[in-house]
Amino acid sequence: MLEKLSTLLIFLALPFLSWGQEITIRGNIVSATDSEPVIGANVLIKGKNVGTVTDIDGNFSLEAGRTDVLVISYIGFETLEIPIDGQTVLNITMTEDMQLLDEVVAVGYITQRKADLTGAVSVVSVEDILSVAENNPMKALQGRVPGMTISADGNPSGAATVRVRGISSLNSDQNPLYIIDGVPTQGGMHELNSNDIESIQVLRDASSASIYGSRAANGVIIITTKKGQAGRIQLTFDAFLTSTYFNNRMEVLNAREYGQALWQASVNGGGNPNSNNIGYSFDWGYDTNGHPQLNNIYLAKYVDNDRTMLASDTDWFNEISKTGLIQSYNMSLSSATEKSSSFLSLGYFYNDGTLKHTDFNRISARINTDYKLFDGRLVIGENFTLNRTSEVQAPGDVLDLSLKALPMIPVHTIDGEGWGGPSRGMNDRHNPMRLLYDNRNNAYAYWRLFGNTYADLEIIRDLHFRSSYGIDYGNFYKRHMVHSYRSGFMNSDNTAVNMEQGHWMRWTWSNTATYQKTIDRHRFDVLAGVEMNRQ
């Protein structure tokens, strides 16, 4: 009876087991207007950074769960959410969003309607960025722009490597060109407050980015910050608090497992396992079949001859890592009238880091204003942000050391004050906890002023002359302290302080004339200009 009941339960559970498995979804996407394939549409799994894009025939394929929901989006079309419900083949028809087609996006030195875009331009929703607890807005783009890859080293600042058009480049630098309110730069996105961003456009192909010349060889990311909104004065405050941790940990050997591996390696090599010089003794022999057999493992009580370090069972990765804490607070003031607009913001961000004695903090302030003179024929304004960032970075090889340091070495000596370290014939790896502790006060401080002032004059109807002067000023200071130490047989009596300081000023002066004309259903834009810059 029990066997029959067990069999019945297994059969009843099979549908639920199969329902939770991932399946391959294949589909085709066409336009409702002309039934032509939609090329390059984004197909994402809702709530996950997993997705793909449609090919030249509008086809796509990806792995998803039976209960997942697909989010289909493309410029100029209404975004769709389609439940999979166990289906493996989907035929999808997208409808044009006429209101969305009339929206204006920044492309090069001008703006265009989405309906008029011809190059590979990706427009990213700022709400999607703010929904991710990331300091760097570029990291929040992962999985949202086709062909764009983003990687980071895990430092608390959130600095990231962005690749828009692969790894080949006309220049030695492979970073994309960033245009923030018309001012070019090629780094420091983790210093930008995500709450100040109004829109992000990614120019991926050569045609859409060609106006920037060879600087755009790695793609262009155009960022426009917020302006004052018409209506009553708006005071906004938001905050979030989140924890961070290592989701995947590499399993390493403990002291006993290391001894077993050492014994096995020695036996396999035909040597005597007890001839090791790191304190292991093995009780072993051969079984009745002549195979080597390990009976027991013994480890000396003290790791060193001076008897200052007790043999331990240290998980070095656990010793150096912890649960991090991220705090973010932002306040903004926005107002606009027919003759002026203003946007002011203050922000504070702090990341405690997932490695001990590491952290990052940023204080940011922004002012964006504009004023309309002579019945709106002349507009003058500025967009400026002042940021102060500070970070204690982890020593470069501390994670690697946590995987290579021997588990029998203690973190501290018996008195709890000295540092444990290798002895006898052990490998010469530093104590990773000592490196983090000695580095705890080696923070850098970086001040950055970034922005522009501009004037836009309408000479005649639809003909505008715009002049913009942008600056990117940085001031960097770091004090690096070197401590004397004794850690097993590794020691140093050197004590020193190294100080770094540098400042630089980059400027860009651009002057453009644009003429935009609409005749019935026809539109055309003419742009001419000159730009000077010092890097």
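In this text the structure is predicted, and so the values were computed from the model without any measurement.

A. View of the pattern of salt bridges. Inspection of the entire model under this criterion finds 13 salt bridges. Among the salt bridges present, the one from Glu191 reaches Arg448, with a minimum N-O distance of 2.9 Å. Placement of Glu191 in the loop between strand 14 (183-185) and strand 15 (197-203) and of Arg448 in strand 24 (residues 444-460) is noted, with a sequence separation of 257 residues between them. Both residues of the pair, Glu191 and Arg448, count as buried. For Lys372, the salt bridge goes to Asp370, with nearest N and O atoms at 3.8 Å. Overall, Lys372 belongs to the partly exposed group, its relative accessible area being 35%. In the salt-bridge network here, residues are joined through shared partners; they are Glu191, Arg448, Asp472 and Arg506.

B. Expanded view of the sheet that holds strand 7 (residues 89-94). With mixed pairing, the three strands of this open sheet are ordered in space as 4-1-7. With one partner strand each, in any of the chains shown, strand 4 (59-65) and strand 7 form the two edges of the open sheet. The average angle at which neighbouring strand axes cross in this sheet is 30°, direction not considered. With seven bridges joining them, strand 1 (residues 22-31) and strand 4 adopt antiparallel strand pairing. Bridging across to strand 4, Arg26 finds its partner in Ser61.

Conventions we followed
- Residues numbered from 1 in each chain as written.
- Predicted model: local features only at pLDDT ≥ 70, side-chain atom pairs only at ≥ 80, totals over all residues.
- Heavy atoms only, no water.
- Salt bridge = Lys/Arg side-chain N within 4 Å of Asp/Glu carboxyl O.
- Helix = DSSP H or I, 4+ residues; strand = E, 2+ residues; numbered from the N terminus.
- Buried < 20%, exposed > 50% of the residue type's maximum accessible area, 1.4 Å probe, protein only.
- Pairing = 2+ DSSP bridges.
- Axes fitted to C-alpha atoms, helices over the stretch in contact; angles between N-to-C directions.

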